[in-house]
Amino acid sequence: MPRELTDEMLNQIKYVSMADYMRRVDRLTDLEDKLAFTTRYLLSYGTGEGRDHTLAEAIHIARMKIADASAKLRKDAVLVPDETVDPFIKPEEDAANRLFMASPTVYLRDEANRILRGYAGRELTEEDQRRIVEYQLSSAVLMNDSENTINFEIEELDKEPKIDDLKFRLEEKFGGVKQFEKAYKATKPGVLSKIFSRSSTAYHNLDAAYRAFSNPEHALHGNMDALDKSAKEYLQHCFPKLNLRDRIPSLAMVNRLSGTKKARALFSLNILASTAEQRKMNGAYEKIINANRQIAMENEANLGNEDQSQLIEDNGQENQNNNQGFQQELMNDLVKDEAPYDQEQAERDYHENFKLEGVEEDEPDVEP
């Protein structure tokens, strides 16, 4: 597929929110573009102060979306090795994808240094300086992670990906963290409904299933089948004449409802969309990460003890020198009055991005 992103377009990328990232990266058709976009988006994270997600969560979400793309490509390929991300390019051309999936912090540090070196000796605009500061801050956060907390958090997210990922996907469907929270709150019964117990059994089952899915102490923790069942039952409650075995109600049909009924139906519709996406990706995600980590471990084990010790010593000294120089540069270049992250502004930017690109705000129909 043809590349879509130019260097100029990549230079304009800034962090808005991970919901914004997820929706925009899905619009790209080329996997090389997806990774380039992902790289710039994550390097624009900065220090992370006030962001909608931790850096580890942001990285995990980005790997989830690369896995989504890989799963789609794998469907049309034959005999795909587990470690492969893009089956339609040469293995050496797939190296960046594989490194990002296996060791994302290493990949991002390397890319930050490569991109920053490209600015050396150039006349910098004000926008260049802002971008450089963001990339330096992100790189510094990764390099100063002495207790390896970012990688630890990423590994924890990898252990039960479908549970956190489903919430991340729902956040994207509703437009961000706050919008998702508002959407879930809108499903709750009003004061009169509570007093007169007017909420339907279908709604109570839906809410119970969602809370159980998110509760580590519950038997249905992480059970997407139970969540799907309750979502379909609620939609059946809203559309009793519709045969849900044939099709799911469209967004247009849901939009004709009102009040809490509409909010609950929309929540159900987006649950089904999110679980469908998650099921398609799960296998590819685990295969790619586990296979590439195993290859990395085998390569490390195959190094001779003597050569390995020398390599570690040489690399350690080089990294120490580079880090010291980098940190000094960072202190010299930081913009002291950098604007703090504004979540409300980020949410407005999220919608503005798609308004400018001519993207409809309607959500797509989901698979039955």
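Residues numbered from 1 in each chain as written. Predicted model: local features only at pLDDT ≥ 70, side-chain atom pairs only at ≥ 80, totals over all residues. Heavy atoms only, no water.

1. So, the packing of aromatic side chains
Right, on to step 1. Across all of its chains, the model carries 12 aromatic pairs by this definition.
Right, on to step 2. Each ring, one from Phe180 and one from Phe267, has its centre 6.2 Å from the other, and the planes form 20°; the classification is stacked. Of this pair, Phe180 sits in helix H10 (residues 177–186) while Phe267 sits in helix H15 (residues 259–302), placing them 87 residues apart in sequence. Across this residue pair, the class does not change: Phe180 and Phe267 are buried.
Right, on to step 3. Through pairs of rings, three or more aromatic residues link up here, namely Tyr15, Tyr21, Phe37, Tyr41 and Tyr45.
Right, on to step 4. The ring of Tyr45 carries the charged tip of Arg51 above its face, separated from the ring centre by 5.7 Å.
Right, on to step 5. The ring of Tyr203 carries the charged tip of Arg264 above its face, separated from the ring centre by 3.6 Å. (Phe/Tyr/Trp six-rings, centres within 6.5 Å; stacked < 30°, edge-to-face > 60°. Helix = DSSP H or I, 4+ residues; strand = E, 2+ residues; numbered from the N terminus. Buried < 20%, exposed > 50% of the residue type's maximum accessible area, 1.4 Å probe, protein only. Lys NZ or Arg CZ within 6 Å of the ring centre and 35° of its normal.)

2. Brief notes about the packing of helix H5 (residues 95–102) against H15
Right, on to step 1. Between H5 and H15, whose axes approach to 8 Å, the crossing angle comes to 95°. By the angle between their axes, H5 is roughly perpendicular relative to H15. In contact with Arg98, Met101 and Ala102 of H5, H15 contributes Tyr285, Ile288, Ile289, Asn292, Arg293 and Ile295.
Right, on to step 2. The class makeup of the residues in the contact of H5 with H15 is 6 nonpolar, 1 polar and 2 charged. (Axes fitted to C-alpha atoms, helices over the stretch in contact; angles between N-to-C directions. Parallel < 35°, antiparallel > 145°, perpendicular 65-115°, else oblique. Contact = heavy atoms within 4.5 Å. Nonpolar A, V, L, I, M, F, W, Y, C, P; charged D, E, K, R; others polar.)

3. A few points about unusual backbone geometry
Right, on to step 1. Even without a glycine there, the phi angle at Leu79 is positive, about 50°.
Right, on to step 2. Turning to its location among the elements, Leu79 is positioned in the loop between helix H4 (55–74) and H5.

4. Focus on the side chain of Asp30
Right, on to step 1. Mapped onto the elements of the fold, Asp30 is located in the loop between helix H2 (18–26) and helix H3 (31–43).
Right, on to step 2. Separated by 3.0 Å, the side chain of Asp30 and the backbone nitrogen of Asp33 make a polar contact. (Polar contact = N/O pair within 3.5 Å; in protein donor to acceptor, adjacent residues only side chain to side chain.)

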